[in-house]
Amino acid sequence: PSLLPAGRLPAGRTVHRPTTYRELTMTTATTTAPPARTLLAGHRAAPIIGLCVLGAGLSIASGAIHLQLWHEYYRHIKTGHMNVLFLVQWILCFAGGLAVLAMRNLLAVLADAALLAGTFIGYLLARYHGGGLFGFALPSNFGSWQASWSMTVEIAGTIVLLATAVAMTQRKAD
């Protein structure tokens with residue numbers, strides 16, 4: 001008789017089981033491999049949790065800046081649906097930041113990094129591309145402290161989240 005069910009061995013442990021063979025009782029040992037990390041596996045290591053908190057904070061800060069920009073300037077701009085896009089960006093930044101905090105997995109971190117990088121690229125298109133972004137172009141003399149802070153936060157957030165992803169892939173299973 002086994003002390004543990006056959007399919008439920010603790011990962012990375014050696015389990016000794018009594019077995020009977022031809023009226024002799026012996027002990028067999030089984031060592032199980034630790035589970036492989038997947039995109040959806042949450043991390044518990046303190047450095048990764050710290051990076052997740054920092055990256056999520058930067059994502060939420062970007063969302064808060066975009067909410068303020070929407071409230072002050074962009075809620076009345078219908079060209080290219082900028083009014084809706086600023087609200088969507090705010091919602092996605094908050095959701096992405098909370099997902100990184102709650103799940104601490106590679107998929108959430110990469111998705112949030114892609115959101116911040118995409119937001120930065122959208123600003124560059126609106127500012128420097130001749131056709132703008134969805135028909136909306138910022139004037140060449142445009143400048144605001146919110147836009148500067150938003151770009152700084154988005155670049156820093158992208159870097160932190162990508163560093164978090166690298167750290168997650170290089171860590172051994174906890």
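Calculation criteria
Residues numbered from 1 in each chain as written. Predicted model: local features only at pLDDT ≥ 70, side-chain atom pairs only at ≥ 80, totals over all residues. Heavy atoms only, no water. Helix = DSSP H or I, 4+ residues; strand = E, 2+ residues; numbered from the N terminus. Buried < 20%, exposed > 50% of the residue type's maximum accessible area, 1.4 Å probe, protein only. Contact = heavy atoms within 4.5 Å. Areas by Shrake-Rupley, 256 points an atom, 1.4 Å probe, with all protein chains shown as cover. Phe/Tyr/Trp six-rings, centres within 6.5 Å; stacked < 30°, edge-to-face > 60°. Expected span 1.5 Å × (residues − 1). Axes fitted to C-alpha atoms, helices over the stretch in contact; angles between N-to-C directions. Parallel < 35°, antiparallel > 145°, perpendicular 65-115°, else oblique. Left-handed = near helix turned anticlockwise from the far one by under 90°. Nonpolar A, V, L, I, M, F, W, Y, C, P; charged D, E, K, R; others polar. Polar contact = N/O pair within 3.5 Å; in protein donor to acceptor, adjacent residues only side chain to side chain.

## What to know about the overall build of the protein
Counting its regular elements, the protein contains four helices and two strands. Going residue by residue from the N terminus, the α and β elements of the protein occur as β-β-α-α-α-α. Counting every position in the protein, which comprises 174 residues, the buried fraction comes to 33%. Considering only residue pairs separated by 6 or more positions, the protein has 61% of its internal contacts joining residues 24 or more positions apart. Total accessible area on the protein is roughly 10,400 Å²; 68% of this is exposed by carbon and sulfur atoms.

## A few points about the packing of aromatic side chains
Two numbers describe a pair of aromatic rings. These are the distance of the centres and the angle of the planes. Applying the stated criterion across every chain yields a total of one aromatic pair. Summarising the aromatic geometry, the rings of Trp90 and Phe94 are spaced 5.7 Å apart at their centres and angled 70° between planes, so their arrangement reads as edge-to-face. Pair noted here: Trp90 and Phe94 are both in helix H2 (residues 82-103), with a separation of four residues, about one helical turn. On the accessibility criterion, Trp90 (26% relative accessible area) is partly exposed. Classification of Phe94 as partly exposed rests on a relative accessible area of 28%.

## Side note on unusual backbone geometry
Its identity as a non-glycine residue notwithstanding, Arg104 has a phi of 45°, on the positive side. Relative to the helices and strands, Arg104 is located in the loop between H2 and helix H3 (106-128). Look at Arg104 and you get partly exposed, because its relative accessible area is 22%.

## So, helix H1 (residues 46-72)
With 27 residues, H1 should cover 39 Å at 1.5 Å per step; its first-to-last C-alpha distance of 39 Å lies within 8% of that length. All of the buried residues along H1 are Ile48, Cys52, Gly55, Ala56, Leu58, Ser59, Ser62, Gly63, Ile65, His66 and Leu69. Residues of H1 that are buried sit in contact with H2, H3 and helix H4 (145-170).

## Re the packing of H1 against H4
It is the contact of H1 with H4, at a shortest axis distance of 8 Å, that shows an interaxial angle of 155°. The angle between H1 and H4 falls in the class roughly antiparallel. Seen along the crossing, H1 lies across H4 with a hand that is left-handed. Grouping the constituent residues of the contact of H1 with H4 by class yields 17 nonpolar, eight polar and two charged.

## Quick word on the side chain of Thr158
Among the structural elements, Thr158 can be located in helix H4. With relative accessibility at 13%, the residue Thr158 sits in the buried group. Engagement of the side chain of Thr158 in a polar contact is seen with the backbone oxygen of Glu154, the distance being 2.8 Å.

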